[in-house]
Amino acid sequence: MNKSTVAEIRQRFDNDVERFSNLDTGQVSTIDAKISLELTTEAAKRMVQHAENVLDIGCGAGNYTLMMLSKIENMNCTLVDLSMPMLEKAFERVSGETSGTVAIIQGDIREVVLEENRFDIILAGAVLHHLRDEADWERVFRKLFSLLKTGGCLMVSDFISQETSVIHEYIREKYGDYLEAHGGKEYRERVLDYVEKEDSPRSLNFQMDLMKKVGFHNIEILHKNLCFAAFGGMK
């Protein structure tokens, strides 16, 4: 199956702003979304206690930045997303919670130009699973590393795969059961269909090994439940 193009992914998110603005109802398909949001931002706060600049890639409606601002006040926020409606919503929400600067940049993290060695914290919530081949993954992890100040941290919360095909199939079946319990068989089929069409996740092991390869240290697994994980590391 041919995966969704960047334009197709952008269009889907353009039409889903309000849903993604509500953690209670908008991210039911993400197991433990609230837990991962709390863990990644609290870990970032503890790892980089005097952070001033945060970059949120695939920011959506701004949930991760808002939680980060509840822990470290008045940071300068740079928000990157494919979807301008998402960015506009994020800007509206985030601007009301910080006296720092808020910049929005529409584009693909693989292509947008950002200042190196600038950010204390980079947040990547439910975005990296849209990367495609292994070279793509490595380029992005190297780029994120270059954007961080020394002593800064990258925090990731995302949809993941498994290393072993039989375990991958088992975990995906369990995820389907979770979806069906929340929304019935039609919901299960709809979510799994767009996962197949749109996403190309990699395993937690792959991503942690890649973080080490590009230079990250103090890499920590914060949480894993079936095919979702929260983790991060420092530059």
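Computed from a prediction, not measured in an experiment: that's the story for all the values here.

## A short note on unusual backbone geometry
The bulk of non-glycine residues show a negative phi, and the bulk of peptide bonds are trans.
(1) Moving on: In this structure, Asp 32 takes a positive phi of about 60° despite not being glycine.
(2) Moving on: We classify Asp 32 as partly exposed; its relative accessible area is 23%.
(3) Moving on: The residue Ala 126 is not glycine, and still its phi comes out positive at about 55°.

## What to know about the pairing of strand β4 (residues 119–125)
(1) Moving on: A large share of β4 lies buried, amounting to seven of its seven residues.
(2) Moving on: Here four bridges tie strand β1 (residues 53–57) to β4, and the two strands are oriented parallel to one another. Bridged to Val 54 within β4 is Ile 121.
(3) Moving on: With six bridges joining them, β4 and strand β5 (residues 148–159) adopt parallel strand pairing. Residue pairing for β5: Ile 122 is matched across the bridge by Leu 154.
(4) Moving on: Chirality of the crossover, the property in question, places the unit of β4, helix α7 (residues 134–147) and β5 among those that are right-handed.

## A word on the pattern of salt bridges
(1) Moving on: Here the structure, examined in full by the defined rule, presents twelve salt bridges.
(2) Moving on: Across the salt bridge formed by Arg 46 and Glu 42, the nearest N and O atoms sit 2.6 Å from each other. With Arg 46 and Glu 42 both in helix α4 (residues 33–47) and four residues apart, this pair spans about one turn of that helix.
(3) Moving on: For Arg 46, a relative accessible area of 62% puts it in the exposed group.
(4) Moving on: Ionic pairing is found between Glu 180 and Arg 188, a salt bridge with its closest N-O pair at 2.9 Å.
(5) Moving on: Three or more residues are tied together by salt bridges with common partners; here these are Glu 38, Glu 42, Arg 46 and Lys 71.

## Things to note about the sheet that holds β1
Hydrogen bonding along the main chain pairs the strands of a sheet, whether they run parallel or antiparallel.
(1) Moving on: Pairing in this open sheet of seven strands is mixed, and the strands run β3-β2-β1-β4-β5-β7-β6 from one edge to the other. With partners counted over all chains shown, the strands left at the sheet margins are β3 (102–106) and β6 (217–225), one partner each. The sheet shows a mean angle of 15° between the axes of neighbouring strands, direction not considered.
(2) Moving on: Running at roughly 170° to β5, α4 makes contact with β4, β5, β6 and β7 (228–234) of the sheet.

## Some thoughts on the side chain of Asp 56
(1) Moving on: Take Asp 56: it is sitting in strand β1.
(2) Moving on: Of the side chains with opposite charge, Arg 93 comes closest to the buried, unpaired Asp 56, at an N-O distance of 8.9 Å.

Cut-offs applied
Residues numbered from 1 in each chain as written. Predicted model: local features only at pLDDT ≥ 70, side-chain atom pairs only at ≥ 80, totals over all residues. Heavy atoms only, no water. Buried < 20%, exposed > 50% of the residue type's maximum accessible area, 1.4 Å probe, protein only. Helix = DSSP H or I, 4+ residues; strand = E, 2+ residues; numbered from the N terminus. Pairing = 2+ DSSP bridges. Right-handed = clockwise from strand over helix to strand, strands pointing away. Salt bridge = Lys/Arg side-chain N within 4 Å of Asp/Glu carboxyl O. Axes fitted to C-alpha atoms, helices over the stretch in contact; angles between N-to-C directions. Contact = heavy atoms within 4.5 Å. Lys, Arg positive; Asp, Glu negative; His and termini not counted.

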